[in-house]
Amino acid sequence: MPFTQSLHRAVQQRPEALATACGTRRQTFRQLHDRVARLAGGLRKLGIRDGNRVAMLALNSDHYLTYYLAVPWAGAVVTPLNVRWSLAEVIQALRDAESVAIFLDDRFAAEVESLMEACPFLRFALYCGEGVCPDGLIDLETLIGASTAIGDAGLAGDEIFGVFYTGGTTGRPKGAQLTHAALATSALSLMSEGLFATGSVGLHAAPMFHLADLMMTTGLLLRGGTQVMVPVFRADAVGEPVQAFGVTDLLLVPAMLQALVDAPATAGFDFRSVRRLAYGASPIAEALLERAMKALPGVDFYQVYGLTEIAAVGTVLRPEWHRPEQRASGRLRSAGRAACHVQIRIHDDQDRPLPTGQIGEIQIRSPALMIGYLNQPEATAAALQGGWMRTGDAGYLDEEGFVFVVDRLKDLIISGGENIYCSEVENALAGHPAVAACAVIGIPDPDMGEKVHAAVVLKPGASLTLDALTAHCKGLIAGYKCPRSLELRESLPISAAGKVLKTELRKPFWEGHHRAVH
């Protein structure tokens with residue numbers, strides 16, 4: 001099925017229904033269809049051809065939905081970029097993807113000269129902001145207005161829809177290539193669990209570049225629902241659109257949910273329209289769940305566990321397992337059971353199957369698996385073996401197929417829903433002139449689930465503060481990857497093989513926790 005199929009269906013069945021609401025702008029499906037077809041025509045007129053990769057670096061808006069639809073309509077491939085990345089990381093991804101064009105909003109338009117100079121394949125920068133188009137960019141509205149609508153290229157099935165970047169163990173981002181079929185399969189699977197029902201109105205508060213939010217985009221399109229956008233998540237900015245548009249579906253990471261239910265500003269808004277709330281990245285703390293259920297009575301909570309490489313959906317913990325009467329079962333601490341399109345198995349470090357209850361690596365097989373990492377055959381071969389995705393997460397299955405994630409085999413931290421590879425941070429730390437040796441671990445954090453903690457050995461006579469270390473790192477990596485705490489040590493614990501024993505570094509922080517990840 002083409003990603004664009006849902007728009008064809010919606011404009012046939014509900015042409016005058018509200019498709020998007022963003023700020024003061026409103027758009028029906030008929031209007032969205034026309035904009036998408038015209039923008040696709042404009043992209044083709046610029047010379048963007050089949051298979052070309054087109055990036056976007058922008059905050060949430062209705063332009064993001066238009067981008068997701070118009071690029072494949074023109075026969076090209078989307079490459080959404082993380083808005084929290086440093087400029088160096090953005091350039092690295094643009095070069096890797098050989099992107100020929102990029103959409104930039106007001107927040108990032110000033111970087112156009114740096115991007116064009118650093119990226120030899122980049123020929124066009126399109127302005128999708130709210131003001132006057134700056135020099136050096138092509139105005140999106142002018143391009144749409146001057147272009148003729150074209151027919152849909154009809155990309156579908158195993159053809160690539162997009163390249164979605166995730167962190168890498170070497171510090172180099174990995175571009176997971178996902179097909180049109182992968183996106184549709186995962187979204188339809190979520191719909192079979194009860195998400196994105198008829199009449200749904202979804203709020204994009206999570207970042208639209210993120211694959212988890214793209215599941216909401218896809219599900220709402222398939223259902224012909226309304227999509228409401230706010231530029232970024234702020235707890236005090238969610239209540240107004242929920243109340244104004246009767247939002248029925250929310251997608252939040254637990255850190256966002258905590259901020260929402262604990263924010264005094266939300267108390268004055270009516271959240272009774274909300275019917276479903278999907279969250280991911282980590283199991284929810286029971287204390288937070290209690291507050292959330294009290295603040296949002298009548299809402300069905302869904303936990304979704306997955307990875308970028310599997311089009312975001314692996315397991316689902318359905319609403320009934322969130323309710324108080326099920327807590328004695330212990331299933332609330334699980335990640336749920338395999339989604340309907342997914343197979344799950346647990347294997348040991350010799351890749352042998354393990355029985356129920358024994359901890360090993362969680363492996364997933366699904367028709368929504370990526371076809372591989374762009375330009376990284378070795379990383380692809382290591383991740384995909386015999387049609388199974390090696391998640392790098394350690395866990396076990398119980399007797400009814402519930403998956404319990406207990407630790408990570410990858411050297412990975414998940415903070416506020418963002419993946420942070422420790423090696424990326426360590427590479428940045430090692431360049432500081434005061435650092436002789438370093439190791440990075442994730443430690444518990446009540447708001448973000450985990451936070452980045454740096455253990456550092458200084459060079460003789462050197463001194464270092466957390467502020468100085470953070471300032472150094474911000475020029476190299478995204479701010480959310482920078483250490484939030486610093487521990488100065490005389491030495492790091494080393495194994496007989498010469499490797500840093502991160503288990504020893506983590507032990508004092510994780511004692512008393514029933515699992516070694518949040």
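Given the structure is predicted, the values throughout are model-derived calculations rather than measurements.

Chemist: Is there a simple way to explain the overall build of the protein chain in this structure?
Modeler: Of regular secondary structure, the protein chain possesses 15 helices and 27 strands. Taking 2.2 N^0.38 as the reference for a compact globule, 518 residues should give roughly 24 Å; the C-alpha atoms of the protein chain span a radius of gyration of 23 Å, in line with that estimate. Each principal axis of the C-alpha distribution contributes one length, and for the protein chain these read about 65 × 55 × 50 Å. Per-residue burial over the protein chain gives 58% buried out of 518 residues. Summed over its atoms, the accessible surface of the protein chain is roughly 20400 Å², and 52% of this surface lies on carbon and sulfur atoms. The centroid of the 47 positive side-chain charges in the protein chain is displaced by 2 Å from the centroid of its 54 negative side-chain charges.

Chemist: Please explain the nonpolar core as it appears in this structure.
Modeler: The tendency in soluble globular proteins is for nonpolar side chains to be buried as a group. The biggest cluster of nonpolar side chains holds 164 residues, and the ones touching the most others in it are Leu81, Ile102 and Phe103. At eight residues, the largest contribution of residues to this core is made by helix 3 (residues 62-73). Contacts of Phe103, omitting those with residues within four sequence positions, involve Leu39, Leu43, Val54, Ala55, Met56, Leu57, Tyr67, Leu126, Cys128 and Leu140. Judged by nonpolar contacts, the second largest core, of seven residues, contains Ile441, Ile443, Leu492 and Leu505.

Chemist: Quick question: what am I supposed to make of the pairing of strand 21 (residues 388-397) here?
Modeler: Walk down a regular strand and you will see the side chains alternate between the two sheet faces. With seven of 10 residues buried, strand 21 lies mostly within the body of the structure. Bridge count between strand 18 (residues 360-365) and strand 21: four bridges; the pairing is antiparallel. Considered in strand 21, the bridge of Glu361 is made with Ala394. Bridge count for strand 20 (residues 384-385) against strand 21 is two bridges, and the pairing is antiparallel. Each residue of the ladder has a partner; that of Gln385, found in strand 21, is Trp388. Two elements, strand 21 and strand 22 (residues 403-408), share five bridges in a ladder whose sense is antiparallel.

Chemist: How should I be thinking about helix 11 (residues 286-295) in this particular structure?
Modeler: Since the α-helix advances by 3.6 residues per turn, residues separated by three or four positions end up pointing in the same direction. Considered for burial, the residues of helix 11 that qualify are Leu288, Leu289 and Ala292. Along the axis of helix 11, the buried positions cluster into a sector of 100°, meaning they face one direction only. Turning to helix 11, the residues buried within the fold contact helix 10 (254-262) and strand 14 (300-305).

Chemist: Would you take a moment to explain the pairing of strand 22 for this structure?
Modeler: Across the six residues of strand 22, five count as buried, placing the element largely inside the fold. Adjacent in sequence and paired antiparallel, strand 21 and strand 22 are bridged by five residues, among which Gly401 carries a positive phi angle near 85°.

Chemist: Explanation requested: helix 4 (residues 87-97) in the structure shown.
Modeler: All buried positions along helix 4 are accounted for by Glu89, Val90, Ile91, Ala93, Leu94, Asp96 and Ala97. Looking at the buried side of helix 4, the elements it contacts are strand 3 (53-57), strand 4 (77-80), strand 5 (101-104), helix 5 (112-118), strand 8 (160-166) and helix 13 (422-430).

Chemist: What is the right way to read the side chain of Asp139 from this model?
Modeler: Relative to the assigned elements, Asp139 resides in strand 7 (residues 138-139). Despite its burial, Asp139 remains without a salt bridge, the nearest opposite charge being carried by Arg35 at 9.1 Å. At a separation of 2.8 Å, a polar atom in the side chain of Asp139 contacts the side chain of Thr142. Aside from chain neighbours lying at most four places away, what touches Asp139 is Tyr127 and Cys133.

Chemist: Would you take a moment to explain the sheet that holds strand 16 (residues 337-338) for this structure?
Modeler: By way of backbone hydrogen bonds, the strands of a sheet pair with one another, either parallel or antiparallel. With mixed pairing, the nine strands of this open sheet are ordered in space as 2-1-11-10-12-13-14-15-16. With partners counted over all chains shown, the strands left at the sheet margins are strand 2 (25-28) and strand 16, one partner each. Relative to strand 16, strand 15 (residues 315-317) is paired through two bridges, and the arrangement is antiparallel. Bridged to Thr315 within strand 16 is Ala338.

Chemist: Teacher, can you tell me more about unusual backbone geometry here?
Modeler: With the exception of glycine, the majority of residues adopt a negative phi angle, and the majority of peptide bonds are in the trans configuration. With phi around 55°, Glu98 is a residue other than glycine that occupies positive phi space. Within the element layout of this structure, Glu98 appears in the loop between helix 4 and strand 5. One non-glycine residue with positive phi stands out, namely Ala311, at about 60°. Following the sequence through the fold, Ala311 ends up in the loop between strand 14 and strand 15.

Chemist: Before we go on, may I ask you to explain the pattern of salt bridges in this structure?
Modeler: A side chain of one charge can pair with a side chain of the opposite charge if their charged atoms are brought near each other. Counting across every chain of the model gives 25 salt bridges. Taking the shortest distance from any N to any O, the salt bridge between Glu400 and Arg331 comes out at 3.8 Å. Residue Glu400 is located in the loop between strand 21 and strand 22, and its partner Arg331 is located in the loop between strand 15 and strand 16; the two are separated by 69 residues in the primary sequence. Taking relative accessible area as the criterion, Glu400 reaches 43% and is therefore assigned partly exposed. By relative accessible area, Arg331 is classed as buried at 7%. Notably, a salt bridge pairs Glu361 with Arg390, separated by 2.8 Å at the nearest N-O pair. Placement of the pair is Glu361 in strand 18 and Arg390 in strand 21, with a sequence separation of 29 residues. Salt bridges sharing partners connect three or more residues here, namely Arg331, Asp398, Glu399 and Glu400.

Chemist: Got a minute to help me understand empty space enclosed by the protein in this structure?
Modeler: To find leftover empty space, one rolls a probe the size of a water molecule over the atoms. For the structure on display, the rule yields one cavity of 30 Å³ or more. Taken together, Thr166, Leu307, Thr308, Glu309, Lys410, Asn419 and Tyr421 make up the full set of residues lining the largest cavity. Broken down by class, the residue content of the lining of the largest cavity amounts to two nonpolar, three polar and two charged.

Chemist: Quick question: what am I supposed to make of the packing of helix 7 (residues 180-192) against helix 8 (residues 211-223) here?
Modeler: Helix packing geometry: the angle between the two helix axes and the distance between the axes. Interhelical geometry of helix 7 versus helix 8 gives an angle of 75° and a closest axis separation of 9 Å. As judged from the angle between their axes, helix 7 and helix 8 are roughly perpendicular. Residues Leu183, Ser186, Ala187, Leu188, Leu190 and Met191 of helix 7 form the contact with helix 8, whose participating residues are Leu211, Leu214, Met215, Thr218, Gly219, Leu222 and Arg223. Of the residues contributing to the contact of helix 7 with helix 8, the split by class is nine nonpolar, three polar and one charged.

Reading the values: the criteria
- Residues numbered from 1 in each chain as written.
- Predicted model: local features only at pLDDT ≥ 70, side-chain atom pairs only at ≥ 80, totals over all residues.
- Heavy atoms only, no water.
- Helix = DSSP H or I, 4+ residues; strand = E, 2+ residues; numbered from the N terminus.
- Rg over C-alpha atoms; globule rule 2.2 N^0.38 Å.
- Buried < 20%, exposed > 50% of the residue type's maximum accessible area, 1.4 Å probe, protein only.
- Areas by Shrake-Rupley, 256 points an atom, 1.4 Å probe, with all protein chains shown as cover.
- Lys, Arg positive; Asp, Glu negative; His and termini not counted.
- Charge placed at Lys NZ, Arg CZ, Asp CG, Glu CD.
- Core = buried A, V, L, I, M, F, W, Y, C linked by side-chain atoms within 4.5 Å.
- Contact = heavy atoms within 4.5 Å.
- Pairing = 2+ DSSP bridges.
- Arc of directions from axis to C-beta.
- Salt bridge = Lys/Arg side-chain N within 4 Å of Asp/Glu carboxyl O.
- Polar contact = N/O pair within 3.5 Å; in protein donor to acceptor, adjacent residues only side chain to side chain.
- 1 Å grid on protein atoms, 1.4 Å probe; cavity = no way out; pocket = protein on both sides within 12 Å on 5 of 7 lines; lining within 4 Å.
- Points joined across faces, edges and corners; volume = space filled by probe spheres on them.
- Nonpolar A, V, L, I, M, F, W, Y, C, P; charged D, E, K, R; others polar.
- Axes fitted to C-alpha atoms, helices over the stretch in contact; angles between N-to-C directions.
- Parallel < 35°, antiparallel > 145°, perpendicular 65-115°, else oblique.

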